[in-house]
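Structural overview for review
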Amino acid sequence: MSEIDELARPAGPVHQQHKMAWRPVLAITAVAAVVHLLVAARYGWHRDEFYYVITGRHLAWGYADQPPLTPLLARFAAELPGGVLPLRILAIACQTGCVLLGAKLAAEFGGRARAQAIAAGAVATSTAFVAASVLFGTTVTDQVVWAAMFVAVARALRLRTTGAWLLAGLIGGIGLENKDTVAVLLLGVLVGLLMWHRDTLRTPGPWLAAGLAVAMAVPNVLWDAQHGWPNLAMAQVLSERTGGPLGALAQLPLLALLAGPPLIVLCVMGVRWLGWGAGRDHRWTLAIAVTAVVVFTATGGKVYYPAPALIALFAAGAVRAEATYRSRLRWPAVIVLSGLIAVLSGYPVLPPRAQNSLRALNPTVMETFGWPEFVDQVKTAAATMPAGTPIFTSNYGEAGALTILGPSAGLRNPVVTAQNAYGDWGPPDGNPGTVLCVGEFKTPYLQQFWSDVREIAPITMPGNVRNEETDHHAAIYVCQHPQGTWAQLWPSLRRYS
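Each residue is numbered by its place in its chain's sequence as written, counting from 1. Restriction of local features to residues with pLDDT of at least 70 applies here, the model being predicted, together with a cutoff of 80 or more for giving and counting side-chain atom pairs; totals for whole chains, interfaces and linings are based on all residues. Excluded from the side-chain calculation are hydrogens and water; included are all heavy atoms of the structure.

**Side note on the pattern of salt bridges**
Between side chains of opposite charge, a pair can form as their charged atoms come close. A side-chain nitrogen of Lys or Arg and a carboxyl oxygen of Asp or Glu constitute a salt bridge if their distance falls within 4 Å. One pass over the full model with this rule turns up 11 salt bridges. Of the charged contacts in the structure, one is a salt bridge between arginine 88 and glutamate 49, with a shortest N-O distance of 2.7 Å. A residue pair is termed long-range when its members are at least 10 positions apart, and arginine 88 in helix H5 (residues 85-108) and glutamate 49 in helix H3 (residues 47-57) qualify at 39 residues. Of the residues examined, arginine 88 reaches a relative accessible area of 2% and is grouped as buried. In this structure, arginine 466 engages aspartate 471 in a salt bridge whose closest nitrogen and oxygen atoms are separated by 3.3 Å. Throughout, exposure labels follow a simple rule: accessible area from a 1.4 Å probe, protein chains only, divided by the maximum for the residue type, with under 20% read as buried, over 50% as exposed, and the rest as partly exposed. Here arginine 466 falls in the partly exposed class, since its relative accessible area comes to 35%. Residues joined in a network through salt bridges with shared partners are Arg47, Glu367, Glu468 and Glu469. A run of H or I in DSSP becomes a helix once it reaches four residues, and a run of E becomes a strand once it reaches two; helices and strands are each numbered from the N terminus.

**As for the pairing of strand E3 (residues 434-439)**
Counting buried residues along E3, five of its six residues qualify, which places the element largely inside the surrounding structure. A pair of strands counts as paired when DSSP detects no fewer than two bridges linking them. With three bridges joining them, strand E1 (residues 391-393) and E3 adopt parallel strand pairing. Looking at the pairing, isoleucine 391 lines up with leucine 436 of E3. As paired elements, E3 and strand E5 (residues 475-482) share six bridges and run antiparallel to each other. The residue bridging valine 438 from the neighbouring strand is isoleucine 476, located in E5.

**Some remarks on the state of the cysteines**
Disulfide assignment relies on a single distance test, namely cysteine sulfur atoms paired within 2.5 Å. Applying the stated criterion across every chain, the model contains zero disulfides. There is no disulfide at cysteine 94, and the cysteine sulfur nearest it, in cysteine 98, is 7.1 Å away.

**What about a nonpolar patch on the surface?**
A contiguous nonpolar patch, built from Leu187, Leu190, Leu194, Met195, Trp196 and Trp207 and spanning about 570 Å² of accessible area, is present on the exposed surface. In terms of residues, the nonpolar patch owes the most to one element, helix H10 (residues 182-196), which gives five residues. The topology assignment puts leucine 194 in helix H10. A relative accessible area of 40% means that leucine 194 is categorised as partly exposed. The patch calculation keeps residues exceeding 30% relative accessible area without a salt bridge and links them within 9 Å when they carry like charges or within 5 Å when they are nonpolar (Val, Leu, Ile, Met, Phe, Trp, Tyr). The Shrake-Rupley method, run with a 1.4 Å probe sphere, supplies the accessible areas, and residue values consider only the shown protein chains as cover.

So, in structure tokens, the structure goes:
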């Protein structure tokens, strides 16, 4: 073992930790929260936030594309005054939770104040965590679950008590009611324990924790089974969109960009410290990272699915960096540079036209812009139609915008779509004699359901900026003379995407 690795080794075995350095950690957390809060509601709602709120209003133990926790939280947040801001405050809370837990994990690894500050700064300025927190959704809530699980398992291995393991099981159960990908996290924990902490598996703690997590997941699993496992069908659709395992493999290098280019060195240091250095007692975290990458790649998952595992690499790298800290400015400079890159690409800090030029790096930000103008365009078209004409949209974002923003803009028409959970909720009653179809439709597609299809106007965005609708030539159509009732057309209209 090298002299540097000896210096980086925690002061004792795995059951020791250092106290939290609250002053620098809270200062970093506060800066991250304030920067985010300044621009949190600058543009507006994201299409996914509309969807989470609407699904939360349809109380259930699950939906086609997610378990119930995030939609439930979104529903309650949307009932508070302030429009989208309460949802964004929830996102900021998740982001700052990850920052604090990253520092706590460094402490569990034996890191002192400097290591904890570096770990907190890395999480606070990593593109993966900054970009995810621009909206409230399953990604940012999933990240805080992974961060909490890392800390809980590290704590359980240190304390070796059943109560500590039950806390990890509780976190796992909550996570499974939020996103199915937490199953991969739990698999990674099992792999890590089997490889390096088999003695722990001879105690009841980990097994009771696993039983608790599984028990908490049962309601969602039963819902999925009763509805024909739509989550599996949805996963297959998303995998095909990614390009399957080969597509996921081709996108894997993007993980380096998600980490934040200036922080890649810290990740490499973390891998070395865990795998071959003084942090070998904590190699179970490395097993989680490897398991996540392998499983998500093999199943065609999205490239950001394993990104929460970066928290462990940042914490481990921070402990090693503390031992090799020679310049007082080196790591603060790296963290500030990473933060600038992450904020410019992940938050709506620039004017819309300038932000639009960064869509190739991150299209998410511009998906929060222009929804009131979209609603106004549809309202203008609806004013030329008979009162009560239903509006059928191509996706849940359009339907959600018209449902949530429409009433305050004076739009009173019923809104329908058949994508994902909307399709599972079933068709409206009656005959779709005259319908205003809005969104990413093509005339030949609509003519399968209505024999008379006429385009009124294309969907445009203010300032000629781009989003998903304009990229796919979305438009407003009048559709008449249907090929059947809503109930008859619905099976062919339903889709997962």
